[in-house]
Amino acid sequence: MQVNFPNAEQINLERTAQVGSKAEKILAGEEWKWIYEFILGALQDQAINTLKNAKTDEDRVRAQQQFLAAHKPKEILEGLISAGQAAKLSLQEISTLEGENNG
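Residues numbered from 1 in each chain as written. Predicted model: local features only at pLDDT ≥ 70, side-chain atom pairs only at ≥ 80, totals over all residues. Heavy atoms only, no water.

Draft legend 1. View of helix 1 (residues 8-28). The end-to-end C-alpha separation of helix 1 is 30 Å, in line with the 30 Å expected for 21 residues at 1.5 Å each. Every buried residue of helix 1 is accounted for by Q10, L13, A17, G20 and A23. Taken end-on, helix 1 shows its buried residues confined to a sector of 145 degrees, consistent with a single buried face. Of the exposed residues in helix 1, those oriented more than 90 degrees away from the buried face are A8, R15, Q18, K22 and K25. Backbone nitrogen of E9 and a side-chain oxygen of the N-cap are separated by 3.1 Å at the start of helix 1; the cap is N7. (Helix = DSSP H or I, 4+ residues; strand = E, 2+ residues; numbered from the N terminus. Expected span 1.5 Å × (residues − 1). Buried < 20%, exposed > 50% of the residue type's maximum accessible area, 1.4 Å probe, protein only. Arc of directions from axis to C-beta. Polar contact = N/O pair within 3.5 Å; in protein donor to acceptor, adjacent residues only side chain to side chain.)

Draft legend 2. How the structure looks around helix 2 (residues 30-52). The terminal C-alpha atoms of helix 2, which comprises 23 residues, lie 32 Å apart, in line with the 33 Å expected from a rise of 1.5 Å per residue. Of all the bends in helix 2, the largest measures some 35 degrees and sits at G41. Taken as a whole, helix 2 has its buried residues at W32, L40, G41, A47 and T50. (Bend = angle between axes of the 7 residues up to and from the residue.)

Nothing here speaks to function; it is all geometry.
If you want it as structure tokens, here you go:
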């Protein structure tokens, strides 16, 4: 009887898939919509006001940084979702290959 223990790569793929699933739930949730509207939206509005009132390059750079900061959390969640989906596909391939080798 052969026992297959998951290797480090498989464990990492499983973790990545779990994190991606969690990120997907968060992005689709009501809490995220609230955060995106009231917190990140406020940061974006602040960035636009900073840019409107900018008198120096330093002010414009600050506005750019604020604007990017408002969008970064969503980008990170989307990246985690993509990585999680790729990990799920890899795990399916591993499972299929193991099934073929055992069968």
